[in-house]
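# Examining the three-dimensional arrangement
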Amino acid sequence: MVYYITKLIITTLLIVLISEIGKRSSLAGAILAAIPLVSILAMTWMYIDTNNSLKAVEFSKNIVWLIAPSMTLFIAFPILIEKGMGFYISMFISIILTIFAYYSVIFLLEKSGLRA
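A brief report on the enclosed structure follows. Numbers given for residues are sequential positions, taken from 1 along each chain in its written order. Note on the predicted model: pLDDT of at least 70 is required for a residue's local features to be given, and 80 or more for side-chain atom pairs to be given and counted; whole-chain, interface and lining totals, by contrast, use all residues. Each side-chain value is worked out from all heavy atoms of the structure, with water and hydrogens disregarded.

It is worth spelling out a nonpolar patch on the surface at this point. A surface patch of nonpolar side chains, amounting to about 670 Å² of accessible area, comprises M85, I89, F92, I95, I96, I99 and Y103. Only DSSP runs of H or I reaching four residues or more are called helices, and only runs of E reaching two or more are called strands; each is numbered from the N terminus. Take F92: it is sitting in helix 5 (residues 87–111). Note on F92: relative accessible area 52%, which makes it exposed. A patch is a set of surface residues, each over 30% in relative accessible area and not in a salt bridge, joined within 9 Å for like charges and within 5 Å for the nonpolar side chains Val, Leu, Ile, Met, Phe, Trp and Tyr. In this description, accessible areas are obtained by the Shrake-Rupley approach with a 1.4 Å probe, and a residue is regarded as covered only by the protein chains that are shown. Throughout this description, the term salt bridge denotes a Lys or Arg side-chain nitrogen within 4 Å of a carboxyl oxygen of Asp or Glu. Any residue under 20% of the maximum accessible area for its type is buried, any over 50% is exposed, and the rest in between are partly exposed; the area is computed with a 1.4 Å probe on protein chains only.

Structural data, given as structure tokens:
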């Protein structure tokens, strides 16, 4: 139980730290957010939990296929805001579009015989 609480605290602190830095400098916050900290943490926790680096490798390979559709959020959100939509509705629409993009890529990968 202590281990899970430690994982939770470390992960939470990183997210809060990045958002606080982003308030002071959007570029510094963006640089830190662009670093795949969540993926790094997930692979690290996965390795610690299983002592199996191949699980982290498989996880990493799957992430590669999902990088492109994740860009949907970062493209759609500013466009919607600039078109005059409110923050929450822009975020909601961007998330829905991103989910659709993820499913589309997964569908295309499965149809082409690749595995994501």
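On to unusual backbone geometry. A positive phi angle, close to 55°, is found at N51, a residue other than glycine. One can find N51 in the loop between helix 3 (37–50) and helix 4 (53–82). With a relative accessible area of 56%, N51 lands in the exposed category.

Our focus in this paragraph is the pattern of salt bridges. On inspection of all chains with the given rule, the structure shows 3 salt bridges. Note that D49 is salt-bridged to K7, the shortest N-O span being 3.1 Å. Here D49 is found in helix 3, whereas its partner K7 is found in helix 1 (residues 2–24), with 42 residues between them in sequence. Given the relative accessible area of 41%, D49 is considered partly exposed. Classification of K7 as buried rests on a relative accessible area of 13%. E20 is the partner of R24 in a salt bridge, and the nearest nitrogen-oxygen pair spans 3.5 Å. With R24 and E20 both in helix 1, this residue pair falls 4 residues apart, about one helical turn.

This paragraph deals with the environment of I63. You can see I63 is positioned in helix 4. As a C-alpha pair, I63 and L17 span 46 residues in sequence and 24 Å in three-dimensional space.

Attention now moves to helix 4. When the terminal C-alpha atoms of helix 4 are compared, their 44 Å separation across 30 residues agrees well with the 44 Å that a helix rising 1.5 Å per residue should span. Within helix 4, the axis deviates most sharply at I67, by approximately 45°, and proline P69 lies no more than four positions further along. Every buried residue belonging to helix 4 is among A56, P69, S70, L73, A76, F77 and L80, and all of these are buried. We call two residues contacting when some pair of their heavy atoms lies within 4.5 Å. Here the buried face of helix 4 lies against helix 3 and helix 5. By this rule the span expected of a helix is its residue count minus one, scaled by 1.5 Å. To get the bend at any residue, fit one axis to the seven residues that end at it and another to the seven that begin at it, then take the angle between the two axes.

Planes of paired rings set the category: under 30 degrees apart is stacked, over 60 is edge-to-face and the rest tilted, where pairs are Phe, Tyr or Trp rings (Trp by its six-membered ring) whose centres lie within 6.5 Å. Counted under the stated rule, the structure contains 4 aromatic pairs. Between the aromatic rings of F77 and F87, the centroid separation amounts to 5.4 Å while the plane-to-plane angle is 85°, which identifies the pairing as edge-to-face. Of this pair, F77 sits in helix 4 while F87 sits in helix 5; the two residues are 10 residues apart in sequence, bridging distant segments of the chain. Seen from their ring centres, F87 and Y88 are 5.2 Å apart, and the 90° between their planes marks the pair as edge-to-face. You can call F87 partly exposed: its relative accessible area is 44%. Joined through ring pairs, the aromatic side chains of Y3, Y4 and W45 make up one cluster.

Just distances and angles here, no functional claims.
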